[in-house]
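Spelled out from the first residue to the last, the chains are:
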Amino acid sequence: MKWLQRMLAVASKETRQLLRDRVTFGLIVGIPAMQIALFGYAINFDVRDLDAVVLDQARSSLSRQLVGDLAATQVMRIAWQADSADEFDQTLQRGDANIGVVILPDLERRLADGAAALQIVVDGSQPSLENVAQGLAAMPILRRPGAALQDATSVAVRVEYNAEKRTAVQVVPALVGTILNITMVIFTAGAIVRERERGNLELLITTPVSRGQLMTGKLLPYIVIGLIQTTLILALGHALFSVPIVGSLAEVYAGAALFIAATLALGLFISTVTKTQFQAFQVAFMTMLPSILMSGFVFPFDGMPRVAQWIAQLLPLTHFVEIIRGIVLRGAHLWDMPEQVAKLGLFFAVMLTASVLRFHKRLD
Amino acid sequence: MTNAITARGLTRRFGSVLAVDRVDLDVPAQQIYGFLGPNGSGKSTTIRMMCGLLKPSAGSVTVLGHDALTEAETVRMKLGYMTQKFSLWDDLSVRENLDFMCRVFGLTATMRRERVAARIKEYQLDEFCGRLAGTLSGGQRQRLALAAATLHEPQLLLLDEPTSAVDPQSRRDFWEKLFDLVARGSTILVSTHYMDEAERCHRLAILDHGRVVVEGAPKQLARDIDASVVEVECVDLPAARRVLTGEPAVLSIAQLGSRLHVLIERSLAEPEREVERILRGRCETVTIERVTATLEDVFVAATALRGDEARAA
Ligand SMILES: Nc1ncnc2c1ncn2[C@@H]1O[C@H](COP(=O)(O)OP(=O)(O)O)[C@@H](O)[C@H]1O
Ligand SMILES: [Mg+2]
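**Description of the overall build of chain B**
Step number 1: Within chain B, the secondary structure is distributed over eleven helices and 14 strands.
Step number 2: Across its three principal axes, chain B shows a C-alpha extent of roughly 75 × 45 × 35 Å.
Step number 3: Looking at chain B as a whole, 54% of its 313 residues qualify as buried.
Step number 4: Considering only contacts in chain B between residues 6 or more positions apart, those separated by 24 or more positions represent 67%.
Step number 5: Of the roughly 13900 Å² of accessible surface on chain B, a fraction of 48% belongs to carbon and sulfur atoms.

This is how it looks when you write it as structure tokens:
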């Protein structure tokens, strides 16, 4: 009873301070809104009106129909019709077009044989365009029998990638994880260090409040905040990108709460090993980059080197991305993914224990 | 009567700095015990070891019958600590700060309401109980900090330079409160670098370079001072000072307003004659007389003389 009372005393103090801190409070709402706009639109393959050059060597009604379909996606605007291969190359080289489409002369026969009949040429110096190529590859209009894609930069465009679903649908659920990861670690990384920097710690640790009460009390308010952010991101994702939630909302929140607890514990641990808020934020950022890059959020998990995959296993975001995509997109249940749930739980337990053990109610 | 605090051979190093050096202390219960010493003399470090916040490098300290390090949690329940730097939360209101402290000390809701209301009244915090602590003046913060330290009615209060950054009137009021608390049975240990405050303590220890140089009741310390005090009034004080400096019988010289307090070897039977002899013909004096020592003299004698001894050794 007393245990709970002390823990809640810390939690309500933390909440009060948080609500009074305008900047932090702004970040709670601001970060998700900004990130979803940025990530949502930038990673979204619905890039609009890229200037394209078309070399139609078939000049048949089918080829004209294909070109029309491509233009209708609004991803590209047919800016140039090249008459020869030389003209096609020069247009791309001059940079007048970002993307080139080559329709081979024997289009009909190739389609009949199931051979590649269409080439999409992207500028390899602009990596973002590779995504576009991948996106185009997924367009249903091009998934006619035998219509395969190649690209001139020898970067593999995987026809299978994102085959049925639009990118935004994939990105937004994973974005829940990424945004939570960023904000939660930042919030708690400062939690203990801030008390130290402002000179409150000396008094705080001379009270009977225990290490466990202090740590859990500091986490609790942020779990609520994390769930508010989850709601915000999913709502924005639904409003802006029509991302559906196929699975159960309750399970989304349960999974999110577990992930939030795990990242908060990580932040708390950072807070106990650093001396200043500045150091804490530096370390927090260090943990964020691998999380974002290796969790399968930006790059497909399967394509990563073995070592990176191992590291990714240590990151809570990796497991959460799988959980949330499972629930939101496939309508899976938490109990369908016991391994991921267990890994998150383990991460939380280890980090919280480490924080409590690291932290001493002493100044030396 | 048993001691509230007992320290034996208490020592603390920070790297090469010896912050507290083999301190022995016996702080009697239900009295005000003072730590007097210049900045860096080890007052805060000693108090922190009493709270179990720092681990002694050697020696030990027992607080209210418990070892301050190994039984820190037991000690902390019975202890009120006022840190040198204000350490309540600037972004919480006066009432919220008090309420939080009550809750971490495990007071029930009813007790909490009672105590917070009582302290707000007692320490004249009514006017600003809704204000954020960060917006209070030095004196108001200090009252808040003392109110917070006494919420759980601790047997022992450790106050680390509570009156620095506080105006004289607030300092007087503050000491009234301390005497009230002692009258109700508390033991108080207070560190200070103000002589007038040290004078009010029942007992005090003068600290210098981490060592307790003298210890006792202020009156007794003045009587027992290890030197005779001669007061010199003259036209050109700096000149007199120059003449006296370096004389073998002169232990130290301190200026008090328009007079010099000269500490002379205790063994000399007529110290004022000796001063007169030194100054005669070299400096125009007005009066030279032997006076009883003040606590300031005790402090100067203890710190300066020990310093000399240390240098000689
Ligand atoms: N955490 C610390 N790290 C290193 N040196 C310290 C630390 N705390 C105190 N000191 C040193 O110990 C000595 C005593 O300091 P302190 O106890 O704060 O003195 P006081 O409170 O009397 O001013 C000083 O020389 C100070 O610089
Ligand atoms: Mg100090």
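**Comments concerning the packing of helix α5 (residues 138–149) of chain B against helix α6 (residues 168–183) of chain B**
Residue and element names in this part refer to chain B.
Step number 1: Two elements in contact, α5 and α6, have axes separated by 10 Å at closest approach and are oriented at 10°. Taken together, the axis directions place α5 and α6 in an arrangement best described as roughly parallel. Residues Gly-139, Gln-142 and Leu-146 of α5 pack against Ser-170, Phe-174, Lys-177, Leu-178 and Leu-181 of α6.
Step number 2: For the contact of α5 with α6, the residue count by class is four nonpolar, three polar and one charged.

**A look at the site of ligand 1**
Residue and element names in this part refer to chain B.
Step number 1: Around ligand 1, a shell composed of Phe-14, Val-17, Ala-19, Pro-38, Asn-39, Gly-40, Ser-41, Gly-42, Lys-43, Ser-44 and Thr-45 is seen.
Step number 2: Within the backbone of Lys-43, a nitrogen or oxygen atom sits 2.9 Å from an oxygen atom of ligand 1.
Step number 3: Thr-45 places a polar side-chain atom, nitrogen or oxygen, 2.5 Å from an oxygen atom of ligand 1.
Step number 4: Within the complex, 62% of the 560 Å² of free accessible area of ligand 1 lies under protein.
Step number 5: Only β2 (17–28) and α1 (43–50) provide two or more residues apiece to the shell around ligand 1.
Step number 6: Partitioning the shell around ligand 1 into residue classes produces four nonpolar, six polar and one charged.

**So, the side chain of Ser170(B)**
Step number 1: Within the secondary structure layout, Ser170(B) lies in helix α6.
Step number 2: Within the structure, the side chain of Ser170(B) is placed 2.8 Å from the side chain of Asp167(B), a separation counted as a polar contact.

**A closer look at the pattern of salt bridges**
Residue and element names in this part refer to chain A.
Step number 1: Using the criterion set out here, one finds 35 salt bridges over all chains in the structure.
Step number 2: In this structure, Asp-106 engages Arg-109 in a salt bridge whose closest nitrogen and oxygen atoms are separated by 2.6 Å.
Step number 3: Given a relative accessible area of 25%, Asp-106 falls into the partly exposed group.
Step number 4: Among the charged side chains, a salt-bridge network with shared partners connects Lys-13, Glu-14, Arg-194, Glu-195 and Lys-218.

**Some thoughts on the environment of Ala284(A)**
Residues and elements named next belong to chain A.
Step number 1: By the element assignment, Ala-284 lies in helix α12 (residues 277–294).
Step number 2: Owing to a relative accessible area of 0%, Ala-284 belongs among the buried residues under this scheme.
Step number 3: Sequence separation between Ala-284 and Val-23 is 261 residues, and the spatial gap between their C-alpha atoms is 18 Å.

**Quick look at the nonpolar core**
Residues and elements named next belong to chain B.
Step number 1: Membership of the largest hydrophobic core comes to 133 residues, with the highest contact counts inside it found for Ile-5, Val-63, Met-101 and Leu-158.
Step number 2: Sequence-distant contacts of Val-63, that is, excluding residues within four places in its chain, are made with Ala-4, Ile-5, Met-50, Ala-68, Val-75, Leu-79 and Leu-156.
Step number 3: Core analysis: the second largest hydrophobic core is formed by 20 residues, Ile-206, Val-229, Ala-254 and Val-298 among them.

**Details of the packing of aromatic side chains**
Step number 1: A complete count under the given rule lists five aromatic pairs over all chains for this structure.
Step number 2: Residues Trp89(B) and Phe100(B) carry aromatic rings whose centres are separated by 5.2 Å and whose planes lie at 80° to one another, so their mutual orientation is edge-to-face. Of the two residues, Trp89(B) is situated in the loop between β6 (79–82) and α3 (94–104) and Phe100(B) in helix α3; the sequence distance between them amounts to eleven residues.
Step number 3: Positioned above the aromatic ring of Phe100(B), the side-chain terminus of Lys13(A) is 5.7 Å from the ring centre.

**Considering a negative patch on the surface**
Step number 1: Taken together, the side chains of Asp167(B), Asp173(B), Glu176(B) and Asp180(B) present a region of like negative charge at the surface.
Step number 2: Mapping Asp167(B) onto the fold places it in the loop between β7 (156–160) and α6.

**Focus on the coordination of the magnesium ion (ligand 2)**
Residues and elements named next belong to chain B.
Step number 1: Only Ser-44 (OG) and Gln-84 (OE1) from the protein coordinate the magnesium ion (ligand 2), and they sit 2.0 to 2.2 Å from it. Here the residue Ser-44 occupies a position in helix α1, and Gln-84 occupies one in the loop between β6 and α3, the gap between them amounting to 40 residues.
Step number 2: On the basis of relative accessibility, which here comes to 15%, the residue Ser-44 falls in the buried class.
Step number 3: Residue classification places Gln-84 among the partly exposed residues on the basis of a relative accessible area of 40%.

**Some thoughts on the side chain of His319(A)**
Residues and elements named next belong to chain A.
Step number 1: Mapped onto the fold, His-319 is located in helix α14 (residues 316–330).
Step number 2: Since its relative accessible area comes to 3%, His-319 is described here as buried.
Step number 3: Discounting residues that sit within four places of it in the chain, His-319 has contacts with Ala-312, Gln-313, Gln-340, Lys-343 and Leu-344.

**Topic: α14(A)**
All names here are of chain A.
Step number 1: Between its first and last C-alpha, α14 extends 20 Å over 15 residues, near the 21 Å set by a 1.5 Å rise per residue.
Step number 2: Taking burial as the measure, the 15 residues of α14 include 13 buried ones, the bulk of the element.
Step number 3: Just downstream of α14, Gly-331 is the residue with a positive phi angle, here 70°.

What counts, and at which threshold
Residues numbered from 1 in each chain as written. Chains lettered and ligands numbered in written order. Predicted model: local features only at pLDDT ≥ 70, side-chain atom pairs only at ≥ 80, totals over all residues. Heavy atoms only, no water. Helix = DSSP H or I, 4+ residues; strand = E, 2+ residues; numbered from the N terminus. Buried < 20%, exposed > 50% of the residue type's maximum accessible area, 1.4 Å probe, protein only. Contact = heavy atoms within 4.5 Å. Areas by Shrake-Rupley, 256 points an atom, 1.4 Å probe, with all protein chains shown as cover. Axes fitted to C-alpha atoms, helices over the stretch in contact; angles between N-to-C directions. Parallel < 35°, antiparallel > 145°, perpendicular 65-115°, else oblique. Nonpolar A, V, L, I, M, F, W, Y, C, P; charged D, E, K, R; others polar. Near = heavy atom within 4 Å. Polar contact = N/O pair within 3.5 Å; in protein donor to acceptor, adjacent residues only side chain to side chain. Salt bridge = Lys/Arg side-chain N within 4 Å of Asp/Glu carboxyl O. Core = buried A, V, L, I, M, F, W, Y, C linked by side-chain atoms within 4.5 Å. Phe/Tyr/Trp six-rings, centres within 6.5 Å; stacked < 30°, edge-to-face > 60°. Lys NZ or Arg CZ within 6 Å of the ring centre and 35° of its normal. Patch = residues over 30% accessible without salt bridge, like charges linked within 9 Å, V, L, I, M, F, W, Y side chains within 5 Å. Lys, Arg positive; Asp, Glu negative; His and termini not counted. Charge placed at Lys NZ, Arg CZ, Asp CG, Glu CD. Donors = N, O, S within 2.8 Å, 3.2 Å for Na, K, Ca; no water. Expected span 1.5 Å × (residues − 1).

Keep in mind these numbers describe shape, not what the thing actually does.
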